[in-house]
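Remarks on the overall topology
Here is how the chains run, residue by residue.
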Amino acid sequence: MKKIFLNFCLFLFFSSVIFAEYNSRGIQDSADIRKDIIESWFEASIDELREKIPEIRANGAGQKFKIYFEEADSYYCIYVASGKSMDVNVFSEGALVKEQQIVYPGNLPGTWVLIKDKVTDKPLRIRYFFTGDSDVFVQVSPYGKVATADLVIFGEYAAKGVSTGVPFSQFYSASFDDLMSLTKKSIPWNYVLIDSSYYHGVHFMIQAIKNNLPRVVITDDAMYDENNCLISIASGTPMYEPEENSNKLFLSSAGFAKWIADGLVFPVSGGLLKRSPLIVQTVSVKDTGVQGIRSQSYSLFFSLDWIRNLASAVVSVYSGRKYVYPESGVDVTINPFASSLVPGNGTANTVSFIPDSGYRTTILKSLLYVLAATEPDTFYLGAIRETDKTITPELKTFNRCVVFFPYFKTDNTFDCKVFIEGRMLSLSDFCLNYPEDFVYLTRMRSSENFVLK
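Report on the accompanying structure.

Conventions we followed
- Residues numbered from 1 in each chain as written.
- Predicted model: local features only at pLDDT ≥ 70, side-chain atom pairs only at ≥ 80, totals over all residues.
- Heavy atoms only, no water.
- Helix = DSSP H or I, 4+ residues; strand = E, 2+ residues; numbered from the N terminus.
- Buried < 20%, exposed > 50% of the residue type's maximum accessible area, 1.4 Å probe, protein only.
- Contact = heavy atoms within 4.5 Å.
- Areas by Shrake-Rupley, 256 points an atom, 1.4 Å probe, with all protein chains shown as cover.
- Polar contact = N/O pair within 3.5 Å; in protein donor to acceptor, adjacent residues only side chain to side chain.
- Pairing = 2+ DSSP bridges.
- Axes fitted to C-alpha atoms, helices over the stretch in contact; angles between N-to-C directions.
- Parallel < 35°, antiparallel > 145°, perpendicular 65-115°, else oblique.
- Left-handed = near helix turned anticlockwise from the far one by under 90°.
- Nonpolar A, V, L, I, M, F, W, Y, C, P; charged D, E, K, R; others polar.
- Expected span 1.5 Å × (residues − 1).
- Core = buried A, V, L, I, M, F, W, Y, C linked by side-chain atoms within 4.5 Å.
- Disulfide = S-S within 2.5 Å.
- Salt bridge = Lys/Arg side-chain N within 4 Å of Asp/Glu carboxyl O.

Helix and strand content of the protein: 12 helices and 22 strands. Counting across all 453 residues of the protein, residues that qualify as buried make up 50%. Expressed as a percentage of contacts within the protein between residues at least 6 apart in sequence, the contacts between residues at least 24 apart total 62%. Working note: accessible area of the protein is about 22000 Å², and carbon and sulfur atoms make up 51% of it.

So this is what it looks like as structure tokens:
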């Protein structure tokens, strides 16, 4: 009990010290409003709440919040919602006109939500929304005499069930920074604290690649060598390039990824990457094992070898030191998630990274969000592990390459441009196209010193 009291004293101290820093990030805060409505709203029964009219209140900084109640099948929510101005269409004197109004959708940064059980009126959890993406939030839940906290990023738990050291009821009036202070050592806040000004290289490269996409003609097995001559990846022999299409680029999936890497290398070295170091095998399998036997007939790891060697080659050029793949540190192998939020089924344990396989596409959005926050202005080469179901038994192979450019927009919402085989896709479209597959990632630093040949 003494420990809980001590933690609460520290909690109150942090509330006063950090509040100015919290506001400096531009997130609205409703803590001073919430402390005045605990009995009338948060401790009221569902029958009392059904009779209530929504309220608009302002905090000490003059920022307005809307307090309202909504119910679902088995639970109900009490919102203290931040607002924003937006143009809405309204009828005025028989005509449709635009009018600026403040709206309170219930998921903007600064919004606080209490979720309670519909049958018992007992609190289930509190959610704090603090960034531009409403699927990224922190929540606290009652657990005995103290509250536990979770950090959720697009359905993946980056932290789950960590102790806050204080009673759940204290979060009725706690600011977001109070919560951060209490969990600064137990929640990986660096996964979600972002600055949209750090992505100049990513934006420059996205635009440059996008501008050149009309030149790309996807051609099996094609790449440009160190002399900018069109050759076969498999054999290294010259390939025919029609003179009438002199401005076109004939590139395979792997050749397209190399073309982007060459855009980084050329301004530094004055040349392009060679073929032979890029096809060096990076995966060892037993000759007598299933993969070893099948690799005698099929190229199982081609694009995995390619992106590892490609990223290592770029590191070598930039550092002025020759790095072979195992020494380069280009693999992305982080395991940032403890479990997944499964709608209707609670949670399921997650193994994020699998050696020589990578990550399931289902967690790519969450993963790339974390990478964009912790490795700003970095982009990622991907090797897609697909399953060929036309062969018995099924064959899992790395054949295609993809390139991801994750970043945060000026409103602090996450975005990621995906380039694959001469096309630019959204991340959601890419994941829809490869719903059951794995992607292995290697990293590269982006740069505005980027020239596509």
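Anyway, onward from the coordinates.
The subject of this paragraph is the side chain of Ser 328. With respect to the helices, strands and loops of the structure, Ser 328 is situated in helix H10 (residues 325-328). In this structure the side chain of Ser 328 is engaged in a polar contact, spanning 2.8 Å, whose partner is the backbone oxygen of Tyr 325. If near-sequence neighbours (up to four positions away) are discounted, Ser 328 is found in contact with Ser 312 and Tyr 323.

Below, the discussion takes up the sheet that holds strand S20 (residues 414-420). In a beta sheet, neighbouring strands are held together by backbone hydrogen bonds and run either parallel or antiparallel to one another. Across the sheet, 6 strands lie side by side as S17-S22-S18-S19-S20-S21; this open sheet has antiparallel pairing. Looking along the sheet, the strands with just one partner apiece sit at the ends: strand S17 (359-360) and strand S21 (423-426). With 2 bridges connecting them, S17 and strand S22 (residues 438-445) associate as antiparallel partners. The residue of S22 that forms the bridge with Tyr 359 is Val 439. Each of S17, strand S18 (378-388), strand S19 (395-408), S20 and S22 is contacted by helix H11 (residues 364-374), which is oriented at about 45° to S19, the strand it contacts most.

Here we come to the packing of helix H6 (residues 200-212) against helix H7 (residues 253-269). At a minimum axis distance of 12 Å, the contact between H6 and H7 shows a crossing angle of 130°. Relative to H7, H6 is oriented oblique. In this structure, H6 crosses over H7, and the sense of that crossing is right-handed. The residues of H7 that touch H6, namely those facing Met 205, Ile 209 and Asn 212, are Phe 256, Trp 259, Ile 260 and Leu 264. The residue makeup of the contact of H6 with H7, split by class, is 6 nonpolar, 1 polar and no charged.

This part covers H6. With 13 residues, H6 should cover 18 Å at 1.5 Å per step; its first-to-last C-alpha distance of 19 Å lies within 8% of that length. Along H6, the residues that are buried comprise Gly 201, Val 202, Met 205, Ile 206, Ala 208, Ile 209 and Asn 212.

Residues Ile 153, Phe 171, Ile 209, Leu 368, Phe 404, Phe 430 and Leu 441 are the most contacted members of the largest nonpolar core, which totals 126 residues. For this core, the element with the highest residue contribution is S19, accounting for 9 residues. Those residues in contact with Ile 153, other than ones at most four positions away along the chain, are Asp 135, Val 136, Ala 158, Tyr 191, Val 192, Phe 337, Ser 366, Tyr 369 and Val 370. Residues Tyr 68, Tyr 79, Ile 115 and Phe 137 belong to the second largest nonpolar core, which totals 11 residues.

Moving on, we get to the pairing of strand S1 (residues 55-58). Summarising the sheet, S1 and strand S2 (residues 64-71) pair through 4 bridges and their orientation is antiparallel. In the sheet register, Ile 56 faces S2, and the bridge partner there is Lys 66. Connecting S1 to the next strand, S2, in antiparallel fashion are 5 residues, including Gly 62 with a positive phi near 85°.

Right, let's get into the side chain of Thr 361. On the secondary structure map, Thr 361 appears in the loop between S17 and H11. Within the structure, the side chain of Thr 361 is placed 3.5 Å from the backbone oxygen of Pro 435, a separation counted as a polar contact. The residues touching Thr 361, leaving out its near neighbours within four places in the chain, are Phe 430, Cys 431, Tyr 434, Pro 435, Glu 436, Asp 437 and Val 439.

This next bit is on the state of the cysteines. Using the criterion set out here, one finds 0 disulfides in the structure. As a non-bridged cysteine, Cys 431 has Cys 416 as the owner of its nearest cysteine sulfur, 8.7 Å distant. Residue class for Cys 431 comes out buried when judged on its relative accessible area of 17%.

Under the definition given, this model contains 11 salt bridges. Linking Glu 55 and Arg 57 is a salt bridge whose minimum nitrogen-to-oxygen distance equals 2.9 Å. Members of the salt-bridge network, linked through shared partners, are Asp 47, Arg 50, Glu 71 and Lys 118.

A separate point is the environment of Glu 71. Positionally, Glu 71 belongs in strand S2. As a C-alpha pair, Glu 71 and Leu 49 span 22 residues in sequence and 9.9 Å in three-dimensional space. Excluding anything up to four places from it in sequence, Glu 71 contacts Ile 46, Arg 50, Tyr 76 and Lys 118. A polar atom in the side chain of Glu 71 sits 3.0 Å from the side chain of Arg 50. Reaching out from Glu 71, the side chain makes a polar contact with the side chain of Lys 118 at a distance of 3.0 Å.

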